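Coordinates in review
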Amino acid sequence: MGWIVISGFFACEGSDYEMSFIKVEALNKSFKVVKKENGLINSIRSFFNRKYEVINAINNVSFSIEKGEVVGYIGPNGAGKSTTVKILSGILTPDSGTCKIGNYTPWLDREKYVKEIGVVFGQRSQLWWDIPATDTFDLLKEIYDINDEEFIKTKNELISTLNLKEIMNIPVRNLSLGQRMRLEIAASLIHSPKILFLDEPAIGLDAISKEIVRKFIKKINKEKNVTVILTTHDMNDIEALAKRIILIGKGRVLYDGTLKKLKNKYDNYKYITIYTKDKLIIRNKAIVSKEKLPNGYKIIINSKIINISDFLSIISKKVLIDDVEIENENVDSIIVKLYEEFGI
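Residue numbers restart at each chain and count upward from 1, following the sequence in its written direction. With the structure being a predicted model, the display of local features is reserved for residues of pLDDT at least 70 and the display and counting of side-chain atom pairs for 80 or more, all residues being used for whole-chain, interface and lining totals. Hydrogens and water molecules were not included; the side-chain quantities draw on all heavy atoms of the structure.

This part is about the overall build of the protein. Within the protein, the secondary structure is distributed over 11 helices and 14 strands. When the backbone C-alpha atoms are referred to their principal axes, the protein occupies close to 75 × 55 × 55 Å. When accessible area is computed with a 1.4 Å probe and restricted to protein chains, residues below 20% of their type maximum are described as buried, those above 50% as exposed, and intermediate ones as partly exposed. When burial is assessed residue by residue, the protein has 48% of its 344 residues classed as buried. Contacts were defined at the residue level, with two residues in contact if any of their heavy atoms lie within 4.5 Å. Put simply, of all contacts in the protein between residues at least 6 apart along the chain, 71% involve residues at least 24 apart. Total accessible area on the protein stands at roughly 18500 Å², and carbon and sulfur atoms take up 50% of it. Under the counting rule used here, the positive set is Lys and Arg, the negative set is Asp and Glu, and His together with the chain ends is not counted. By convention, the charge on Lys lies at NZ, on Arg at CZ, on Asp at CG and on Glu at CD. Separation of charge centres in the protein, based on 51 positive and 44 negative side chains, amounts to 5 Å. Under the scheme used here, helices are H or I runs from DSSP no shorter than 4 residues and strands are E runs no shorter than 2 residues, and both carry numbers assigned from the N terminus. For accessible areas, the Shrake-Rupley method is used with a probe of radius 1.4 Å. Any residue's cover is judged against the shown protein chains and nothing else.

Here's what the structure looks like:
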């Protein structure tokens, strides 16, 4: 399922949207903030006579998500990602609009709903700082009223999969960021939720920790059909985990569709390194740039003008090719192009 959305959401009557596991329609949320002015005198004046401005965090946001989907919810800083996640997790109440997740409205049915979800905020912790994580897990067992057998089974599975055995009994304050984040994810899943909200879960993690987290998310999604909504600035996470992305900018949904379609639209440039001892002279309107290397040439072409095989066929008639390397445009560059198209 995928579609382009500009300043809103479009769905046909009778579509899968009506039957979706998560249904969000026309959500709006604004915040009233103090308007700050530069200068000491203005600061003093504003202390006695405060002026406010309204910030529209999200504006008419609508989308649907099927059970078991992994969706990347992306956008620049201040786009409205965290606000949306907080509404979907029941932390915030929207100004208007509706949201139905299963049979629950998150902010109205919070007491029952929280047992169905797991939430990880990369900048905030649910672990007690001065005690070992195993004690926090025991506390969560009581909070979620998990029976002993289920708790032990789930806990042991999480410890094994996320490689936590050596750190469970160490005070959280003595752990590295990567170790803490793996424990945060485990803590959010100790009650076997149906939905996992991950807000910047891999921020600051090393490559090894990132790979462990990615493999684990794939595992619970595949084996337990856990629905995952992932917000992150790391497009490698998105590419590794999510087939579908929702792009939000200035509080509006701008794109909702597959990553594959996005690549097909914006991944025009191909980076070709040709290793040759010969001198290459070529003129072609598909060539964006050509750089001489000590052992060949690096050429960027527009694949919408000429495909790679035809281009290499032309090159092979001009020089003896020792080797060839071909690279696609990275996902970060594609997302930047999408941002530029929408002026964000």
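Next up on the list: the pairing of strand S9 (residues 244-249). In terms of residue burial, S9 counts as a mostly covered element, since six of its six residues are buried. The two faces of S9 match: Arg244, Ile246 and Ile248 on one face and Ile245, Leu247 and Gly249 on the other face are all buried. By the bridge criterion, four bridges tie strand S4 (residues 70-74) to S9 in an arrangement that is parallel. Note that in S9 the partner of glycine 72 across the bridge is isoleucine 245. Of the pairings in the sheet, the one linking S9 to strand S10 (residues 252-258) comprises six bridges and is antiparallel in character. Note: two strands are recorded as paired if DSSP finds a minimum of 2 bridges between them.

Attention shifts here to the packing of aromatic side chains. Pairing of aromatic rings covers Phe, Tyr and Trp, the last through its six-membered ring, and needs centres within 6.5 Å; plane angles under 30 degrees mean stacked, over 60 mean edge-to-face, and all others mean tilted. Applying the stated criterion across every chain yields a total of two aromatic pairs. For the pair phenylalanine 63 and tyrosine 73, a centre-to-centre distance of 5.7 Å together with 50 degrees between the ring planes defines the contact as tilted. Highlighted residues: phenylalanine 63 in strand S3 (residues 52-65) and tyrosine 73 in strand S4, separated in sequence by 10 residues. Grouping residues by exposure puts phenylalanine 63 and tyrosine 73 together as buried. Only when the NZ atom of a Lys or the CZ atom of an Arg is both within 6 Å of the ring centre and within 35 degrees of the ring normal do we say a charge sits over the ring. We note lysine 67 situated over the ring of phenylalanine 21; from NZ or CZ to the ring centre the distance is 4.6 Å. Sitting above the plane of the tyrosine 297 ring, lysine 292 keeps its charged end 5.0 Å from the centroid.

Residues of helix H4 (residues 133-143) that are buried: Ala133, Thr134, Thr136, Phe137, Leu140 and Lys141. For H4, the angular spread of buried residues about the axis comes to 155 degrees, placing them on one side. Summarising the geometry of H4, the exposed residues directed more than 90 degrees from the buried face are Glu142 and Ile143. Among the structural elements, helix H5 (148-161) and helix H6 (177-189) are those in contact with the buried residues of H4. In this description, one arc is meant: the one made by directions from the helix axis to the C-beta atoms.

Read from one edge of the open sheet, three strands run S3-S2-S5, paired in antiparallel fashion. The sheet is open, and its two borders are formed by S3 and strand S5 (96-101), each paired with just one other strand. Sheet twist, expressed as the mean angle between neighbouring strand axes with direction ignored, is 30 degrees. Across five bridges, strand S2 (residues 22-34) lies against S5 in antiparallel orientation. What sits directly across from asparagine 28, in S5, is serine 96. To define axes, lines are fitted to C-alpha atoms, for helices over the stretch in contact only, and angles between the resulting N-to-C directions are given on a 0 to 180 degree scale.

Before going further, it helps to spend a moment on the packing of H6 against helix H7 (residues 207-224). The geometry of a pair of packed helices is captured by two quantities: the angle between their axes and the separation between those axes. In the contact formed by H6 and H7, the axes pass within 10 Å of each other and the chain directions differ by 15 degrees. Classified by the angle their axes make, H6 and H7 are roughly parallel. Read as a crossing pair, H6 and H7 show a hand that is right-handed. Contact residues: Gly178, Arg182, Ile185 and Leu189 in H6; Ser209, Ile212, Val213, Phe216 and Ile220 in H7. Note that Gly is not counted as nonpolar here; it falls among the polar residues with everything else outside the nonpolar set of Ala, Val, Leu, Ile, Met, Phe, Trp, Tyr, Cys and Pro and the charged set of Asp, Glu, Lys and Arg. Its residues assigned to classes, the contact of H6 with H7 shows six nonpolar, two polar and one charged. Each angle gets one of four labels, with under 35 degrees taken as roughly parallel, over 145 as roughly antiparallel, 65 to 115 as roughly perpendicular, and the rest as oblique. For any pair of crossing helices, the crossing counts as left-handed if the nearer helix is rotated counterclockwise from the farther one by less than a right angle, and right-handed if it is rotated clockwise.

What follows covers the nonpolar core. Grouping buried Ala, Val, Leu, Ile, Met, Phe, Trp, Tyr and Cys residues that are joined through side-chain atoms within 4.5 Å yields what is termed a nonpolar core. Ranked by internal contacts, the top residues of the largest apolar core, which has 54 residues, are Phe137, Leu183 and Leu262. Beyond its immediate chain neighbours, meaning those up to four positions away, phenylalanine 137 contacts Leu127, Phe151, Lys155, Met168, Leu183, Ala186, Ala187 and Ile190. By size, the runner-up hydrophobic cluster in this structure holds 27 residues, among which are Val85, Leu88, Leu92 and Ile229.

Another aspect to go through is the pattern of salt bridges. Take a side-chain nitrogen of Lys or Arg and a carboxyl oxygen of Asp or Glu: if they are within 4 Å of each other, that pair is a salt bridge. On inspection of all chains with the given rule, the structure shows 14 salt bridges. When the shortest N-O distance is used, the salt bridge between glutamate 116 and lysine 194 registers 3.4 Å. With glutamate 116 in the loop between helix H3 (110-113) and strand S6 (117-121) and lysine 194 in the loop between H6 and strand S7 (195-199), this pair connects stretches of sequence that are 78 residues apart. Close ionic contact of lysine 141 with aspartate 148 constitutes a salt bridge, the shortest N to O distance being 2.8 Å.

Although it is not a glycine, alanine 26 sits at a positive phi angle of roughly 55 degrees. Turning to its location among the elements, alanine 26 is positioned in strand S2. A relative accessible area of 28% means that alanine 26 is categorised as partly exposed. A positive phi is found at asparagine 163, a non-glycine position, where the angle reads about 55 degrees.

Note that every value here comes from positions in space, so none of it alone points to a role or purpose.
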